[in-house]
Amino acid sequence: QKEVEQNSGPLSVPEGAIASLNCTYSDRGSQSFFWYRQYSGKSPELIMFIYSNGDKEDGRFTAQLNKASQYVSLLIRDSQPSDSATYLCAILKGFSGGYNKLIFGAGTRLAVHP
Amino acid sequence: DAGVIQSPRHEVTEMGQEVTLRCKPISGHNSLFWYRQTMMRGLELLIYFNNNVPIDDSGMPEDRFSAKMPNASFSTLKIQPSEPRDSAVYFCASTRELGGTSGVSYEQYFGPGTRLTVT
């Protein structure tokens, strides 16, 4: 089982709709969760992070975290064609020595069509 | 701040040649990561430095790969000799990590990447 799982997509939504991107993780001890957006040919860009159960809103983006069910989601309201990209979910994993690193999912490709 | 700087942005080389990728992290960040991304394998962590010291190099594919961070503002990833299967986009990422009462604050920013093609 992969530590971070995402549906590869593509997820196709019409312009103006809500896009819902989901991510599950296996480490129940994970505390911090991140969403990165990656346009084709570009580098991943941090768009949201969430540490606590519940929702976190930033503009058209809402991150939702449910630690009991071990999933984190990203909602994009009023989707625009410019939101078309691959969205990477990442968890912060601690390891010996008190160090941390991000574990990334494979990403979900979102396509917003006019 | 200029963000994470990587050079070169594109590199085309022949099999067997040495390749050196360079990275300048964001000033004040205490960790630096090298990743490789391909369509087949996605984003893979190669090596991680904390305060210029290599912490985890378990992702380095084989001895042909080596990385150094001689100071807080510069890191290199070297492939010698290069092979066609090394063709990928190589990202450097700079991280600021702050502990706090509510947990770890963690911000990781990627450079623009180096697209490596080995023929």
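Look up: the structure comes first, before these words.
The following refers to the structure shown.

What counts, and at which threshold
- Residues numbered from 1 in each chain as written.
- Chains lettered and ligands numbered in written order.
- Predicted model: local features only at pLDDT ≥ 70, side-chain atom pairs only at ≥ 80, totals over all residues.
- Heavy atoms only, no water.
- 1 Å grid on protein atoms, 1.4 Å probe; cavity = no way out; pocket = protein on both sides within 12 Å on 5 of 7 lines; lining within 4 Å.
- Points joined across faces, edges and corners; volume = space filled by probe spheres on them.
- Helix = DSSP H or I, 4+ residues; strand = E, 2+ residues; numbered from the N terminus.
- Core = buried A, V, L, I, M, F, W, Y, C linked by side-chain atoms within 4.5 Å.
- Buried < 20%, exposed > 50% of the residue type's maximum accessible area, 1.4 Å probe, protein only.
- Pairing = 2+ DSSP bridges.
- Axes fitted to C-alpha atoms, helices over the stretch in contact; angles between N-to-C directions.
- Contact = heavy atoms within 4.5 Å.
- Buried area = accessible area lost by both parts, 1.4 Å probe.
- Salt bridge = Lys/Arg side-chain N within 4 Å of Asp/Glu carboxyl O.
- Polar contact = N/O pair within 3.5 Å; in protein donor to acceptor, adjacent residues only side chain to side chain.
- Nonpolar A, V, L, I, M, F, W, Y, C, P; charged D, E, K, R; others polar.
- Disulfide = S-S within 2.5 Å.

Turning our eyes to something else, we now look at the layout of surface pockets. Roughly 1200 Å³ of volume is contained in the largest pocket. Contributing to the lining of the largest pocket are 49 residues, with A:A106, B:Q37, B:T38, B:G42 and B:L43 lying nearest its centre. Elements represented by at least two residues in the lining of the largest pocket include exactly β9 (85–95), β10 (99–104) and β11 (108–113) of chain A together with β4 (31–38), β5 (42–50), β9 (88–100) and β11 (114–118) of chain B. Ranked by residues supplied to the lining of the largest pocket, first place goes to β5(B) with six residues.

What follows covers the nonpolar core. A:W35, A:V72, A:L74, A:I76 and A:Y87 are the most contacted members of the largest nonpolar core, which totals 24 residues. Among the nonpolar cores identified, the runner-up in size contains 21 residues, and B:C23, B:I26, B:I47 and B:M69 belong to it.

Next up on the list: the sheet that holds strand β1 (residues 5–7) of chain B. All names here are of chain B. Pairing is antiparallel in the open sheet, where four strands are placed in the order β1-β3-β8-β7. Two strands in the sheet have a free side with no partner beyond their single neighbour: β1 and β7 (65–71). The sheet shows a mean angle of 15° between the axes of neighbouring strands, taken without regard to direction.

What follows is about the interface of chain A and chain B. Taken together, the contact between chain A and chain B spans 18 residues of the former and 20 residues of the latter. For the pairing of chain A and chain B, the buried interface totals around 1600 Å² over both sides, and the portion due to carbon and sulfur atoms is 59%. Counting the surface chain A buries against chain B, the share from its top three residues, A:Y99, A:N100 and A:K101, is 27%. If you look at where chain A meets chain B, you find one salt bridge. Between B:D56 and A:K101 there is a salt bridge, and its shortest N-O distance comes to 2.8 Å. If you look at where chain A meets chain B, you find seven residue pairs in polar contact (both at pLDDT 80 or more). Secondary-structure elements contributing two or more residues to the side of chain A that touches chain B are β4 (33–38), β9 and β10 of chain A. When residues of the side of chain A that touches chain B are assigned to their parent elements, the largest contribution, five residues, is made by β10(A). For the side of chain A that touches chain B, the residue count by class is eleven nonpolar, five polar and two charged.

Attention shifts here to the state of the cysteines. Put plainly, two cysteines are in a disulfide when a covalent bond ties their sulfur atoms together. Tallying each qualifying case throughout the model produces two disulfides over all chains. Sulfur-sulfur distance for the disulfide between A:C23 and A:C89 comes to 2.0 Å. For the disulfide bridge between A:C23 and A:C89, the dihedral angle about the S-S bond is near -70°, and by the sign convention the bridge is left-handed. Residue A:C23 is located in strand β3 (residues 19–25), and its partner A:C89 is located in strand β9; the two are separated by 66 residues in the primary sequence. Assessed through its relative accessible area of 1%, A:C23 is described here as buried. Given a relative accessible area of 0%, A:C89 falls into the buried group. Two residues share a disulfide in this structure: B:C23 and B:C92, whose sulfurs sit 1.9 Å from each other. Taking the sign of the torsion about the S-S bond as the criterion, the disulfide between B:C23 and B:C92, at about -60°, is left-handed. Here the residue B:C23 occupies a position in strand β3 (residues 19–24), and B:C92 occupies one in strand β9, the gap between them amounting to 69 residues.

No statement about biological role is implied by the geometric values presented.
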